[in-house]
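Each chain, written out:
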Amino acid sequence: MEMQERDAWSSNFGLVLAATGSAIGLGNLWKFPFITWENDGGAFVIVYLACILAVGLPIMMAELLIGRRSQKGVVGAFRDMAGPAWKWVGLWGVLCGFILLSYYTVIAGWSLFYFWKSFGWTFGGFPADLAAGDLFGEQVGNASLQLMLSLAFSVATIGVVYFGVQKGIERMARILLPVLFVILVLLLVSALGMSGSGEALKFIFEPRFAELEWSGVLEALGHSFFTLSLGMGTMITYGSYISRKQSIVKSAGAIVAFDTLIALVATIIMFSVIFSVAGLNEEVGRSTVGMLFISLPELFYTEMPFGVVLGPLFYVLVALAVLTSTISLLEVVTSYLIDEREMKRQKAVMASGGAIFVFTIFAALSFGSTPVLSTIVAFGKTGWFSIADHFVSNWMLPTGGLAVAIAAGWFMTRKATMEELMDGNQPAWFRYGAWRFFIRYVAPAAVLAIILAVLLGQDFS
Ligand code: PHE
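All figures in this text were calculated on a predicted structure; none of them were measured in a lab.

Peer 1: Quick question: what am I supposed to make of helix α10 (residues 214-227) here?
Peer 2: Two residues of an α-helix separated by three or four positions point the same way, owing to the 3.6 residues in each turn. With 14 residues, α10 extends 20 Å from end C-alpha to end C-alpha; this agrees with the ideal 20 Å at 1.5 Å per step. The buried fraction of α10 amounts to eleven of the 14 residues, a majority that puts the element mostly inside the structure. Within α10, the full set of buried residues consists of Gly216, Leu218, Glu219, Ala220, Leu221, Gly222, His223, Ser224, Phe225, Phe226 and Thr227.

Peer 1: Would you explain the pattern of salt bridges in this entry?
Peer 2: Oppositely charged side chains may form a pair once their charged atoms are brought near each other. Taken as a whole and assessed by the stated rule, the structure comprises 13 salt bridges. Here Asp339 makes a salt bridge to Arg6, at a shortest N to O gap of 3.1 Å. In this pair, Asp339 is assigned in helix α15 (residues 307-340) and Arg6 in the segment before α1 (12-23), connecting sequence segments 333 residues apart. Asp339 gets classed as partly exposed once you look at its relative accessible area, which sits at 21%. According to the relative accessible area criterion, Arg6 is partly exposed, its value standing at 26%. A salt bridge links Glu419 to Lys415; its shortest N-O distance comes to 3.1 Å. Placement of the pair is Glu419 and Lys415 together in helix α19 (residues 414-421), with a separation of four residues, close to one helical turn. Given a relative accessible area of 60%, Lys415 falls into the exposed group. Linked through salt bridges whose partners overlap, the residues forming this network are Arg68, Arg69, Arg244, Lys415, Glu419, Glu420 and Asp423.

Peer 1: Help me out: how do you make sense of α15 in this one?
Peer 2: Relative to the 50 Å expected for 34 residues at 1.5 Å per residue, α15 spans 49 Å between its end C-alpha atoms, a close match to the ideal helical length. Of all 34 residues that make up α15, 28 are buried, and the element is covered over most of its length. Immediately downstream of α15, the backbone of Glu342 shows phi near 50°, a positive value.

Peer 1: I tried to follow the nonpolar core on my own but got confused; where do I start?
Peer 2: Soluble globular proteins tend to pack their nonpolar side chains together in the buried interior. Phe271, Phe314 and Trp435 are the most contacted members of the largest nonpolar core, which totals 169 residues. Not counting chain neighbours up to four residues away, the residues in contact with Trp435 comprise Pro58, Met61, Ala62, Leu65, Ala408, Thr417, Leu421 and Phe430.

Reading the values: rules and limits
- Residues numbered from 1 in each chain as written.
- Predicted model: local features only at pLDDT ≥ 70, side-chain atom pairs only at ≥ 80, totals over all residues.
- Heavy atoms only, no water.
- Helix = DSSP H or I, 4+ residues; strand = E, 2+ residues; numbered from the N terminus.
- Expected span 1.5 Å × (residues − 1).
- Buried < 20%, exposed > 50% of the residue type's maximum accessible area, 1.4 Å probe, protein only.
- Salt bridge = Lys/Arg side-chain N within 4 Å of Asp/Glu carboxyl O.
- Core = buried A, V, L, I, M, F, W, Y, C linked by side-chain atoms within 4.5 Å.
- Contact = heavy atoms within 4.5 Å.

What follows is the structure in structure tokens.
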């Protein structure tokens, strides 16, 4: 058989950018601010940072090392590193990528819609009588619009993955991530100038432990998987393109640090706006997508300094952040077809992208436009969109994360994991023994706690 040569990142920086792009997405821009709000900030943020350090970082290193050592996508990687039966764990990851991508694309489509709208408002003026909630409701209920938006986004995702790791994914990340950072800094500067910024910083960083509940601790833990793209093989797949010359520990540290920084910055921006406008506090709690797509559009044009420019830029930011995440999801499924089914990349991308789009159609039509899809009920959730999100966040990512910890901590030998982490390029602060302790005991115990909580009825979606 003729082997396709395995693609690889051109440098450490290329991997860090692509993986950071995967990690930064709706989890940072929308979900983290929202759960911080619901859990009363302060103490919740500290607990979240602890989860990122104690569970997220060790598992990030574990996924990258499993990938590099096996040089395979998620299915082959688990099989080669932990044993034949583990291929099912890998397939669980592929399935997860499939489902997650199917609905993530729909929200991505909304950001396109709002970009287009806000572009119009910037030049035509913001209509004084616009009911933002109605506009949102109309666009999600408009079936053909939803299909067009998500199709456009799917095509963009497929287009990037088609060109491979270095020429597609890495090149895109190199262009998009700097743009994303610049837009965020502009938004941050403008938000800090608003009257509510002092109160926002206090809300986010002043610990008030009396207000934190146990469910909040588990929510922080569950979210650390989602936001770091862990538990489904994204980082295993990206790790399989790392060369031996790069340090896994350094890369993992950088990815985790960037992701956390961006989540905090996004939260500061949103809360500065919220605290600057009287009465907005009550509105925010009501709807999960409300903050991003209902409250913010109007505020850009009525409250925020330079909002007419920052508004459209903000929605471009959301779209770009989401694109670098959807790319990584599609790559998980694509690399499975390439590595295990021996397909050519181009064919594998088309096959997986096309199949996933069928489910994207279900997700896109979940909002009232199609009676059957918007009314199916499972796990106490209504509509394909909510069901899929619930299943992924509550079940698939935590169980996947547990499998990674067990594979790296208990099934792989000490020698194997040590060779990958102590690769000669590791930073001076790194202690292998500490990593091993966290991956063998701390991470599995923490994930088991989530799974137990889900079984007892907690909901992380
Ligand atoms: N990390 C992404 C976010 O925060 C979501 C994601 C999860 C992407 C898993 C890929 C894999 O939005």
